[in-house]
Amino acid sequence: MFWLLAILAYLLGSLSFAILLSRLTGRPDPRMSGSGNAGATNMLRLAGRKLAVLTLLGDLCKGLFPVLVASLAGLSLQQQAWVGVCAVIGHLFPLYFRFRGGKGVATAAGMLLGLYPPAALLAVLTWLLTFYLTRTSSLAALIATPLTLPLLAWQEPAALLPMTALVALIVWRHRSNLRDLFAGRERHF
C-alpha cells in the first residue's frame with residue numbers, strides 16, 4: 001500500500017495548477033514568464049489574485065490529500081510523511097510537464113497540514129511575518145520551511161527524516177533565489 005500511495009502521490013503532485021490554469025485562461029506559461037516558476041507567487045505577478053489563490057489552493061490540496069489517504073490507510077506517520085514528500089517531488093518535477101515545476105512550498109504546507117497541523121501553522125505564520133517584513137516570498141519560504149524541523153523533532157520525531165529531506169529539496173530548488181538574495185537582486189512585492 002505504501003508504494004502504491006507514493007506513486008499516486010507523485011502523479012497527483014505532477015498536476016501543475018499554475019500551468020493548467022494558465023492554459024485554461026489563455027495566459028502565458030508561468031515557466032516562461034515572470035520568475036519562471038510554476039507556483040502561486042508567479043501566478044500573482046502574471047495572472048492576478050484570483051488565479052494565484054486557485055493555484056495556491058490546488059497546490060496545497062495535492063500535498064494534503066495523499067497524507068490524509070495514507071493516514072486513513074493505516075500507514076505509520078513516517079510513511080505518511082514520505083508519501084507527502086512524493087507529492088512535493090511531483091510538484092518539483094512534474095511528469096506531465098517535462099519535469100519543470102514549481103518550488104514546492106505550498107504543496108509542502110499541505111503535506112504538513114495533514115501530517116501535523118501545528119507545524120503547518122508555524123510555517124504559515126512565519127511565512128506571513130517574514131513576507132510582511134521583507135516583501136520577499138522566497139526569503140519567507142527559506143525561513144519558514146526549516147523552522148518546522150525543531151518542532152517536529154520535539155513533537156513528531158517520526159516525521160523528522162522525511163521533512164528534513166523535503167526542506168533540503170526546497171532549499172535546493174531556491175538556489176537561484178539564494179544567489180539573488182545575496183546579490184541584492186531578489187524580486188520584492
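Residue positions within a chain follow its written sequence, with the count starting from 1. With pLDDT at 70 or above as the cut-off, local features in this predicted model cover only qualifying residues; side-chain atom pairs require 80 or more to be listed or tallied, and sums for whole chains, interfaces and linings still use all residues. Hydrogens and waters are ignored; side-chain quantities use all the structure's heavy atoms.

Turning to the environment of Leu64, a few remarks are in order. The helix and strand labels rest on DSSP assignments: H or I over at least four residues marks a helix, E over at least two residues marks a strand, and numbering proceeds from the N terminus. With respect to the helices, strands and loops of the structure, Leu64 is situated in helix H4 (residues 49–72). Note on exposure labels: buried denotes an accessible area under 20% of the residue type's maximum, exposed denotes more than 50%, and partly exposed covers the range between, all computed with a 1.4 Å probe on protein chains only. Take Leu64: its relative accessible area is 15%, and that puts it in the buried class. Separated by 23 residues in sequence, Leu64 and Ala87 place their C-alpha atoms 8.9 Å apart. In this description, contact between two residues means that some pair of their heavy atoms is separated by no more than 4.5 Å. Setting aside its immediate chain neighbours within four residues, Leu64 contacts Gly110, Met111, Leu113 and Gly114.

Once that is clear, we can look at the UniProt feature "transmembrane region" (unreviewed entry) in the protein chain. UniProt positions are given in the numbering used here, feature names are shortened, and annotations may be inferred rather than shown by experiment. In the numbering used here, UniProt assigns the feature "transmembrane region" (unreviewed entry) to residues 6–24, 51–75, 81–99, 111–133 and 153–172. Secondary structure content for residues 6–24 is 84% helix and 0% strand, while the C-alpha to C-alpha distance between its ends is 28 Å.

Moving on to the pattern of salt bridges. Every case where a carboxyl oxygen of Asp or Glu lies within 4 Å of a side-chain nitrogen of Lys or Arg is listed as a salt bridge. Scanning the model with the defined rule gives 3 salt bridges in all. The partner of Asp59 in a salt bridge is Lys62, with the nearest N and O atoms 3.4 Å apart. Taken together, the residues span about one helical turn, with Asp59 and Lys62 both in helix H4 at a distance of 3 residues. Lys62 sits in the buried class, given a relative accessible area of 1%. Linking Asp180 and Arg185 is a salt bridge whose minimum nitrogen-to-oxygen distance equals 3.0 Å. Relative accessible area serves as the criterion here: at 23%, Asp180 is assigned to the partly exposed category. Note on Arg185: relative accessible area 55%, which makes it exposed.

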